[in-house]
Amino acid sequence: MLFRSFDAIVVTRYLHRPLLTPIVEALAGGGVLIYETFAAGNERFGRPRNPEFLLQPGELLEMARGRLHVLAFEDLYVEQPKPAMMQRICALRPS
């Protein structure tokens with residue numbers, strides 16, 4: 001099987017948990033991951049409401065633990081472009 005690696009991967013507003021590990025594994029050494037999606041609590045503001053599509057507290061940090069160097073992490077309420085609960089991570093895969 002042929003595997004590709006990437007210097008950067010950006011994921012926004014999408015969560016399919018079976019892809020979390022393959023995304024990390026697809027990062028080249030020194031590659032950067034930027035991931036942002038909806039978090040638990042978002043059900044108060046609209047869709048998604050289904051827990052399958054909402055990150056649990058610290059879930060992106062746990063995905064990175066022992067595999068990536070976390071440069072920044074946020075778990076917060078945003079007002080723009082519409083009110084939502086979000087998690088964001090920017091992390092580097094060691095060379």
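This structure is a prediction, so every number in the text was calculated from the model and none was measured.

1. Things to note about unusual backbone geometry
- Following R47, the chain continues into P48 via a peptide bond in cis, with omega recorded as -5 degrees.
- Position of P48 relative to the elements: it lies in the loop between β2 (27-38) and α2 (59-64).
- Cis geometry is adopted by the peptide bond preceding P81, which originates at Q80 and carries an omega value of 5 degrees.
- Mapped onto the secondary structure, P81 falls in the loop between β3 (69-78) and β4 (84-92).
- With a phi close to 55 degrees, R13 is a non-glycine residue in the positive phi region.
- Along the chain, R13 turns up in the loop between β1 (6-12) and α1 (20-25).
- The partly exposed category is assigned to R13, whose relative accessible area is 34%.

2. Section: a positive patch on the surface
- On the surface, a cluster of positive charge is contributed by R13, R47, R49 and K82.
- Tracing the backbone through its elements, the reader meets K82 in the loop between β3 and β4.
- Assessed through its relative accessible area of 37%, K82 is described here as partly exposed.

3. A closer look at the packing of aromatic side chains
- The full count for this structure, using the stated rule, is one aromatic pair.
- Between F45 and Y77, the aromatic rings sit 5.3 Å apart at their centres with planes inclined by 40 degrees, giving tilted as the arrangement. Pair noted here: F45 is in the loop between β2 and α2 and Y77 is in strand β3, with a separation of 32 residues, a long-range link.
- The exposure class assigned to F45 is partly exposed, which follows from its relative accessible area of 31%.
- For Y77, a relative accessible area of 38% translates into the label partly exposed.

4. A closer look at the sheet that holds β4
- Taken together, four strands build an open sheet; the order of strands is β1-β2-β4-β3 and the sheet is mixed. Each end of this open sheet is capped by a strand with a single partner; those strands are β1 and β3. Neighbouring strand axes in the sheet, compared pairwise and without regard to direction, differ in orientation by 5 degrees on average.
- Direction of pairing for β2 relative to β4: antiparallel, over a ladder of seven bridges. Bridging across to β4, T37 finds its partner in Q87.

The rules we used
- In every chain, residue numbers begin from 1 and rise along the written sequence.
- For this predicted model, a pLDDT threshold of at least 70 governs which residues receive local features, and a threshold of 80 or more governs which side-chain atom pairs are given and counted, while totals over whole chains, interfaces and linings are taken from all residues.
- Heavy atoms throughout the structure, all of them, feed into the side-chain values; hydrogens and water do not.
- A run of H or I in DSSP counts as a helix once it spans at least four residues, and a run of E counts as a strand once it spans at least two, with each numbered from the N terminus.
- Burial classes follow relative accessibility: with a 1.4 Å probe on protein chains only, a residue under 20% of its type's maximum area counts as buried, one over 50% as exposed, and anything between as partly exposed.
- Patch building starts from residues that exceed 30% relative accessible area and form no salt bridge, then joins like charges within 9 Å and nonpolar side chains (Val, Leu, Ile, Met, Phe, Trp, Tyr) within 5 Å.
- Surface accessibility in these figures is a Shrake-Rupley result with a 1.4 Å probe; residues are shielded only by whichever protein chains are displayed.
- Here a salt bridge means any side-chain nitrogen of Lys or Arg lying within 4 Å of a carboxyl oxygen belonging to Asp or Glu.
- Asp and Glu count as negative and Lys and Arg as positive, but His and the ends of the chain are not part of the count.
- To locate a charge, take atom NZ for lysine, CZ for arginine, CG for aspartate or CD for glutamate.
- Working definition: rings of Phe, Tyr and Trp (its six-membered ring) pair if their centres are within 6.5 Å, and the pair is stacked with planes under 30 degrees apart, edge-to-face with planes over 60 apart, and tilted otherwise.
- Strands are labelled as partners when DSSP assigns at least two bridges between them.
- Throughout, an axis means a line fitted to C-alpha atoms (over the contacting stretch in the case of helices), and angles, computed between N-to-C directions, take values from 0 to 180 degrees.

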